[in-house]
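Secondary and tertiary structure notes
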Amino acid sequence: MKLSLVVPCYNEEQNVALFYSEVKRVFDAEGYSYECVFVNDGSADNTLGELKKLHAEADGNIRIVSFSRNFGKEAAMYAGIEHAKGDLICLIDADLQQRPEVVVGMVKRLDEAPELDCVAAFQAERRESGLLTFFKSNFYKLINSVSDTTFVQGASDFRTFRRSVAEAVLSMGEYHRFSKGILSWVGFNTEYIPYEVQERAAGESKWSFKKLFKYAIDGIMAFSTAPLAIPTVLGIIMAVVSFLYLGIDGLISVISSDFENIRDTLIIFLLLLIGGIQLISIGIIGKYLAKTYEQGKNRPIYIAREVIEPKNDD
Ligand code: UDP
Ligand code: MG
C-alpha cells in the first residue's frame, strides 16, 4: 500500500465522515492505494459510532484504533503510526484544517526525490491572535537556545514520511512525547513546504492557552536539561558576591576602624557563601539527575539511514 493517513480524533463526530469523503475524492482522482488509520482518542461524543459507520460503508481502507480514555494527540499519533501499513505515512488532523490536496503535493515530492525522507508543512501565515503568535515565536527561540535538537518555527505535525522515519519514531519509546522534537531528533532529510491552514470544518479546537503552555513546558523538559543547571549558575553568582561583599565591606570597616562591624560582615559573608555552596551542590545533583533522565528515556543510541554491506558478503 502506498499511503497511510494517520488521523487522531478527539470529539470529531461532525468531522470524520466529511474528512473521509474529502480524502476519497482527492485520492481516488490520483489513483493512489491508501488507508485511513483513525485513532479515537477517548472521545466523549459519538466519534467512535461515526467511525464504525464509515468502516462498514467505505471501501475497506479504514482502520480504527480506539483508546480506553483520552491519552492526548501525541499518544494517538504514536498508535496510528504503529498500526499504519503504508510505505508512506502522513500525520493529518481530522478537522480539515489541513487539506488532503497538500498531502498529494507531499507524496509527489517524495516520489520524485528519493533522497528525501520526509516532507513537512509549515504555516506560512499564522491565523491566530497576535499574543499567541508572540508566545509561539518566543517559545521557538527559547527551546532552540536550550536544546541540542533544532525546532523549526511554525512547523506542524502535518507531514508525510517514509517507513524508515516511522520506525525511527516508534523506536523512541519515551512516555512524555513531544513530536516536534522527536521528528527532528531522529534526523533524516526533511523538506519544508508552506501551507495555508483552513478554518476548522466543525467543532472547536481542543487547545486552550493553559494546555498550550503546559505543552510548551513539556517540550522544553523533554528536549533540554538546561533548567537543572540553574542552581549551579545562581550558586556561583552567590559565592562570588559573598567574597566581593567580604572584600568591600571589610575594607570599609578597616579604613573607618569600625571593628564592631567586622563581625556582622563575617556573618553575612558566611551566610552568602554557604547559600552559594548549597546551590552549587544542588546543581551537581541536577547534573547526575539529567544524565539519569536521559538514560531513562531509553532513546536509540543511533539511527542509521542506510547500511551498505560489502559487495561480496555471503
Ligand atoms: N486531538 C486528539 N486528542 C486530543 C486533542 C486533539 O486526538 O486530546 C486531535 C483532534 O481531534 C484533531 C487534532 O488532534 O484531529 C488537532 O486538534 P485541534 O484541531 O483541536 O488542534 P488545533 O488545530 O487547534 O491546533
Ligand atoms: Mg485543528
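Residues numbered from 1 in each chain as written. Chains lettered and ligands numbered in written order. Predicted model: local features only at pLDDT ≥ 70, side-chain atom pairs only at ≥ 80, totals over all residues. Heavy atoms only, no water.

1. Describing the overall build of the protein
Heads up, the rule is: Helical segments are the DSSP runs of H or I of at least four residues, strand segments are the runs of E of at least two, and each set is numbered from the N terminus. In this setup the radius of gyration rests on C-alpha atoms only. A globule is expected at 2.2 Å times the number of residues raised to 0.38. Contacts are residue-level and defined by heavy atoms, with any inter-residue pair within 4.5 Å sufficient. The charged-residue count follows a simple rule in which Lys and Arg add positive charge and Asp and Glu add negative charge, with His and chain termini not counted at all. Where a charge sits is defined by one atom per residue type, namely NZ (Lys), CZ (Arg), CG (Asp) or CD (Glu).
On a plain count of helices and strands, the protein comes out with ten helices and seven strands. Scaling as 2.2 N^0.38, a compact globule of 314 residues should have a C-alpha radius of gyration of about 20 Å, whereas the protein reaches 27 Å, well beyond that. Oriented by its inertia axes, the alpha-carbon framework of the protein measures out at about 95 × 60 × 35 Å. Look at the contacts in the protein between residues 6 or more apart in sequence, and 80% of them connect residues 24 or more apart. Averaged over its 33 positive side-chain charges, the protein has a centre that lies 2 Å from the centre of its 41 negative ones.

2. Re the layout of surface pockets
The condition that has to hold: Using a grid of 1 Å spacing that covers the protein atoms alone, one calls a set of points a cavity when a 1.4 Å probe fits there but cannot get out, and a pocket when the set is open and has protein on both sides within 12 Å along at least five of seven lines; lining residues are those with an atom within 4 Å of a point. Grid points are joined across faces, edges and corners, and a volume is the space filled by probe spheres set on the points. For this scheme, ten residues count as nonpolar: Ala, Val, Leu, Ile, Met, Phe, Trp, Tyr, Cys and Pro. Four count as charged, namely Asp, Glu, Lys and Arg, and the remainder, Gly too, count as polar.
If you add up the space inside the second largest pocket, you get close to 390 Å³. Lining the second largest pocket are 20 residues, and of these Asp148, Phe223, Ser224, Thr225 and Glu294 sit closest to its centre. Secondary structure elements with two or more residues in the lining of the second largest pocket: helix H8 (209-223) and helix H10 (259-296). It is H10 that provides the largest number of residues to the lining of the second largest pocket, a total of six residues. Looking at the lining of the second largest pocket residue by residue, the classes come out as nine nonpolar, six polar and five charged.

3. Observations concerning the packing of aromatic side chains
Applied cut-off: We call Phe, Tyr and Trp rings a pair once their centres come within 6.5 Å, taking the six-membered ring for Trp, and we label the pair stacked below 30 degrees between planes, edge-to-face above 60, and tilted otherwise.
Summed over the entire model, instances satisfying the criterion amount to 14 aromatic pairs. Ring centres of Phe135 and Phe209 lie 5.3 Å apart, and the angle between their planes is 65°; on these two criteria the pair is classed as edge-to-face. Note that Phe135 is positioned in helix H5 (residues 130-146) and Phe209 in helix H8, a separation of 74 residues in sequence. An aromatic cluster is present here, built from Phe139, Tyr140, Phe151, Phe178, Trp207, Tyr215 and Phe223 joined pairwise through their rings.

4. Some thoughts on the state of the cysteines
Operational definition: The disulfide criterion used throughout: a pair of cysteine sulfur atoms within 2.5 Å. Relative accessible area decides the class of each residue, using a 1.4 Å probe on protein chains only: under 20% of the type maximum gives buried, over 50% gives exposed, and in between gives partly exposed.
This model, assessed by the stated rule, comprises zero disulfides. The structure places no disulfide on Cys90, whose sulfur is separated from the nearest cysteine sulfur, that of Cys36, by 9.8 Å. With a relative accessible area of 0%, Cys90 lands in the buried category. Take Cys118: it sits in no disulfide, and the sulfur closest to it among the cysteines is that of Cys90, at 9.8 Å.

5. As for the site of ligand 1
The test is simple: Put simply, a residue is near a molecule or strand once any heavy atom of it comes within 4 Å of that molecule or strand. Exposure was quantified through the Shrake-Rupley algorithm and a 1.4 Å probe, taking into account, for residues, occlusion by the shown protein chains and nothing else.
Close to ligand 1 lie 16 residues, the nearest being Glu12, Asp41, Asp95, Ser205 and Lys206. Surface burial for ligand 1 is 87%, taken as the share of its 530 Å² of free accessible area covered by protein chains. Here the shell around ligand 1 is composed, by residue class, of five nonpolar, four polar and seven charged.

6. Focus on the coordination of the magnesium ion (ligand 2)
This is how the line gets drawn: Only nitrogen, oxygen and sulfur atoms qualify as donors, and only when within 2.8 Å of the metal (3.2 Å in the case of Na, K and Ca); with water excluded, sites may look incomplete.
The protein atoms donating to the magnesium ion (ligand 2) are Asp95 (OD) and Gln97 (OE1), with metal-donor distances spanning 1.9 Å. In this structure Gln97 comes out as partly exposed when scored by relative accessible area, which is 23%.

7. Notes on empty space enclosed by the protein
Following the criterion strictly, the structure yields two cavities of 30 Å³ or more and no others. By volume, the largest cavity amounts to about 90 Å³. Around the largest cavity, the lining residues are Glu74, Met77, Tyr78, Ile81, Leu91, Phe161, Val169, Arg177, Ser179, Ile182 and Leu183. Elements supplying a minimum of two residues to the lining of the largest cavity: helix H3 (73-83) and helix H7 (179-185). Here the lining of the largest cavity takes four residues from H3, the largest share from any one element. Of the residues contributing to the lining of the largest cavity, the split by class is eight nonpolar, one polar and two charged. Its volume calculated, the second largest cavity comes out at about 30 Å³.

8. Some words on the packing of H5 against H8
So the rule is basically this: Note on geometry: axes are lines fitted to C-alpha atoms, helical ones only across the stretch in contact, with angles between N-to-C directions running from 0 to 180 degrees. Oblique is the label for every angle not falling under 35 degrees (roughly parallel), over 145 degrees (roughly antiparallel), or within 65 to 115 degrees (roughly perpendicular).
Contact geometry of H5 with H8 gives a least axis separation of 10 Å together with a crossing angle of 10°. The angle between the axes of H5 and H8 places the two elements in the roughly parallel class. Residues Leu132, Phe135, Lys136, Phe139, Leu142, Ile143 and Val146 of H5 form the contact with H8, whose own contacting residues are Phe209, Leu212, Ala216, Gly219 and Ile220. A per-class count over the contact of H5 with H8 returns ten nonpolar, one polar and one charged.

9. A look at a nonpolar patch on the surface
Our working definition: Every patch collects residues that have over 30% relative accessible area and no salt bridge, joining them within 9 Å if they carry like charges and within 5 Å if they are nonpolar side chains (Val, Leu, Ile, Met, Phe, Trp, Tyr). A side-chain nitrogen of Lys or Arg and a carboxyl oxygen of Asp or Glu constitute a salt bridge if their distance falls within 4 Å.
A cluster of nonpolar side chains, contributed by Leu131, Phe134, Phe135, Phe209, Phe213, Ile217, Met221 and Tyr293, occupies part of the molecular surface with about 810 Å² of accessible area. Mapped by element, the contributors of at least two residues to the nonpolar patch are H5 and H8. Ranked by the residues each element gives to the nonpolar patch, the list is headed by H8, at four residues. Classification of Phe213 as exposed rests on a relative accessible area of 51%.

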